[in-house]
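# Report on the structure
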Amino acid sequence: MSRFWSSLTHDLRPYVPGEQPRMAELVKLNTNESPFGPSPRVLEAIRGEAADTLRLYPDPQATALRAALATYHQVLPEQVFVGNGSDEVLAHAFAALLKHEAPLLFPDITYSFYPVYCRLFGIAWEAVPLDEAMQIRIADYRRRAGPIIIANPNAPTGIALSRAEIVTLLEAHPDAPVVIDEAYVDFGAETAIPLVASHSNLLVVQTMSKSRALAGLRVGYAIGDADLIEAITRVKDSFNSYPLGRPVQAGAIASLQDEAYFQQGRARVIAGRERLNRGLIRIGFDVLPSFANFVFARHPAHAGAAITAALRQRAVIVRHFQAPRISDYLRITVGTDEQIGRLLSALSDILGSRS
Ligand SMILES: *Cc1c(COP(=O)(O)O)cnc(C)c1O
């Protein structure tokens, strides 16, 4: 703290991302990265941009990438916004769309970045509790019509809403923007993108970080009515005109062009998730039904913090949130078969040594 800080800075409570430790032989299952590398075509495209042209600014509108995303998702380029990771896209959406007279609504248990953006942008919010099964109940959002943001599948539970439930939500709030954060949608949930055509209040946010194994590239995007996209673009152009560099734009386009690699990667993660589920249940965990590349699980007899610490001693890192309602849960990223095996044997070891 310093007398030079602005009052805004004093009041911030920054998001704390999962750690990126540098330990050898680590089983790193704490930040929902892909255990498989990106498509070789992505690497080739990035290498192609490691050239003299790097002295020139990139296309500020990312025209080719937006066109590729529009084709991929069957929308118009003016319905697509791209940013430096979906975190940046979300930040711009908060500033551009989610500040209203009525408070912003989101679940009490969700992506912990949402309240961070609210503080940064001075947005009032209300947390809507998940039900006892840790599910979002759409009916609970029938209150004063402020904007809404929901992660679908939700984080860190992994539980998904159906597209029909999203329709109900959109139709109950026709006069407020509704943002659906689909960071994990490619692992089995239904995307809301087809609803964009009929719902001018819907903004869908996706990322290449998880299902496309490109967390290090930083590419996120939003799809919505052209008026919503224009709003976010105005904020972006008031902040940073060139959020995506040349190698990033090229790599992202190449990822969209390698559909076979993408499909294979997500199928492997889904298969790994089912293996991880079964293994955890076998050793006594309660596991929430996940549609993501992670599972959220707790053991009835062991505290979440204690298991997390014991795993750490065995060089297995998972995510634990010291927060109300979820402090007994572990969020475990789906790894390779080998990593899942090492996690499960470390857990058996830990649970066995206590009894
Ligand atoms: C990972 C994640 C993001 C951010 O992803 P980026 O890497 O910034 O694209 C956004 N929302 C949720 C719910 C996430 O889990």
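Just so we're clear, the structure is a prediction, and the values are computed from it rather than from any experiment.

### What to know about the UniProt feature "domain: Aminotransferase class I/classII large" (unreviewed entry) in the protein
The UniProt record annotates "domain: Aminotransferase class I/classII large" (unreviewed entry) at residues 25-347. For residues 25-347, helix accounts for 37% and strand for 15%, while the C-alpha atoms at its two ends are 17 Å apart.

### Focus: the domain arrangement of the protein
Under the domain assignment used here, the protein contains domain 1 (7-37 + 260-354) and domain 2 (40-258). For domain 1 versus domain 2, the separation of C-alpha centres amounts to 24 Å. Listed as interface residues are 32 residues of domain 1 and, on the opposing side, 35 residues of domain 2. Approximately 2700 Å² of surface area, both sides summed, lies buried where domain 1 meets domain 2, with 64% of it carried by carbon and sulfur atoms. Contact with domain 2 buries area across many residues of domain 1, yet Tyr15, Phe262 and Arg325 alone supply 27% of it, more than any other trio. Across the domain 1-domain 2 interface, the total number found is one salt bridge. We note a salt bridge from arginine 325 to aspartate 108, for which the minimum N-O separation is 2.9 Å. Linking domain 1 with domain 2 are ten residue pairs in polar contact (both at pLDDT 80 or more), by the criterion used here. Counting residues per element, the side of domain 1 that touches domain 2 draws most heavily on helix H9 (residues 259-282), which supplies seven residues. Class assignment for the residues of the side of domain 1 that touches domain 2 results in 20 nonpolar, five polar and seven charged.

### Remarks on the side chain of asparagine 201
By the secondary structure assignment, asparagine 201 is in the loop between strand E6 (178-181) and strand E7 (202-207). Engagement of the side chain of asparagine 201 in a polar contact is seen with the backbone oxygen of histidine 173, the distance being 2.9 Å. When sequence neighbours within four positions are dropped, the list of residues in contact with asparagine 201 reads Leu170, His173, Pro174, Ala176, Pro177, Val178 and Leu228.

### Comments concerning the side chain of asparagine 293
Looking at the element boundaries, asparagine 293 is found in the loop between strand E9 (286-287) and strand E10 (294-298). Owing to a relative accessible area of 2%, asparagine 293 belongs among the buried residues under this scheme.

### Looking at unusual backbone geometry
Backbone torsion omega between asparagine 152 and proline 153 reads -5°, so that peptide bond is classified as cis. A cis geometry characterises the amide bond from alanine 155 onward to proline 156, with omega recorded as 0°. Examined against the element boundaries, proline 156 turns out to sit in the loop between strand E5 (148-151) and helix H6 (163-172). A positive phi angle is found at asparagine 32, which is not glycine, with a value near 55°.

### Topic: the pattern of salt bridges
Think of it this way: side chains of opposite charge can pair up when their charged atoms draw near. Going through the model one piece at a time under the given rule, you end up with eleven salt bridges. Arginine 41 is the salt-bridge partner of aspartate 258, the closest N and O atoms lying 3.9 Å from each other. Taken together, the residues aspartate 258 in the loop between helix H8 (246-257) and H9 and arginine 41 in helix H2 (residues 40-48) connect sequence positions 217 residues apart. Notably, a salt bridge pairs aspartate 349 with arginine 314, separated by 2.8 Å at the nearest N-O pair. Here arginine 314 lies in the loop between helix H10 (304-313) and strand E11 (316-318) and aspartate 349 lies in helix H11 (residues 337-354), a separation of 35 residues in the sequence. For aspartate 349, a relative accessible area of 40% translates into the label partly exposed.

### A word on the environment of glutamate 182
When you line up the elements, glutamate 182 lands in the loop between E6 and E7. Residue glutamate 182 is classed as buried on the basis of its relative accessible area, which comes to 1%. Along the sequence, glutamate 182 and asparagine 154 sit 28 residues apart, while their C-alpha atoms lie 8.5 Å from each other. Contact partners of glutamate 182, with chain neighbours within four places excluded, come to Asn152, Glu190, Thr191, Ala192, Val204, Val205 and Gln206.

### So, the site of the ligand
Around the ligand lies a shell formed by Gly85, Ser86, Asp87, Leu90, Tyr111, Asp181, Ala183, Tyr184, Thr207, Ser209, Lys210 and Arg218. Contact between the ligand and aspartate 87: an oxygen atom at 3.0 Å from a main-chain N or O atom of the residue. Here serine 209 contributes a side-chain N or O atom positioned 2.6 Å from an oxygen atom of the ligand. Here the shell around the ligand gets four residues from one element, more than from any other, and that element is helix H4 (residues 85-97).

### Focus: the environment of asparagine 240
Locating asparagine 240 in the fold gives a position in the loop between helix H7 (226-236) and H8. Taking relative accessible area as the criterion, asparagine 240 reaches 30% and is therefore assigned partly exposed. The spatial distance from the C-alpha of asparagine 240 to the C-alpha of glycine 83 is 10.0 Å, given a sequence separation of 157 residues. In terms of polar contacts, asparagine 240 uses its side chain to reach the backbone amide nitrogen of tyrosine 242, at 3.0 Å.

### Topic: the environment of isoleucine 150
Relative to the helices and strands, isoleucine 150 resides in strand E5. Isoleucine 150 sits 28 residues away from valine 178 along the chain, and the two C-alpha atoms are 8.0 Å apart. Residue contacts for isoleucine 150: discarding those within four places in its chain leaves Pro107, Tyr114, Ile136, Tyr141, Leu161, Leu169, Val179, Ile180 and Asp181.

### Re the packing of H4 against helix H5 (residues 113-121)
Here H4 crosses H5 at 45°, and the two axes come no closer than 10 Å. If you check the angle between H4 and H5, you find them oblique. For H4 against H5, the interelement crossing comes out right-handed. Where H4 approaches H5, its residues Asp87, Leu90, Ala91, Phe94 and Ala95 are matched on the opposing element by Phe113, Tyr114, Tyr117, Cys118 and Phe121. Considered class by class, the residues forming the contact of H4 with H5 number nine nonpolar, no polar and one charged.

Thresholds applied
- Residues numbered from 1 in each chain as written.
- Predicted model: local features only at pLDDT ≥ 70, side-chain atom pairs only at ≥ 80, totals over all residues.
- Heavy atoms only, no water.
- UniProt positions renumbered as here; feature names shortened; annotations may be inferred.
- Helix = DSSP H or I, 4+ residues; strand = E, 2+ residues; numbered from the N terminus.
- Domains from an automatic or database assignment.
- Contact = heavy atoms within 4.5 Å.
- Buried area = accessible area lost by both parts, 1.4 Å probe.
- Salt bridge = Lys/Arg side-chain N within 4 Å of Asp/Glu carboxyl O.
- Polar contact = N/O pair within 3.5 Å; in protein donor to acceptor, adjacent residues only side chain to side chain.
- Nonpolar A, V, L, I, M, F, W, Y, C, P; charged D, E, K, R; others polar.
- Buried < 20%, exposed > 50% of the residue type's maximum accessible area, 1.4 Å probe, protein only.
- Near = heavy atom within 4 Å.
- Axes fitted to C-alpha atoms, helices over the stretch in contact; angles between N-to-C directions.
- Parallel < 35°, antiparallel > 145°, perpendicular 65-115°, else oblique.
- Left-handed = near helix turned anticlockwise from the far one by under 90°.

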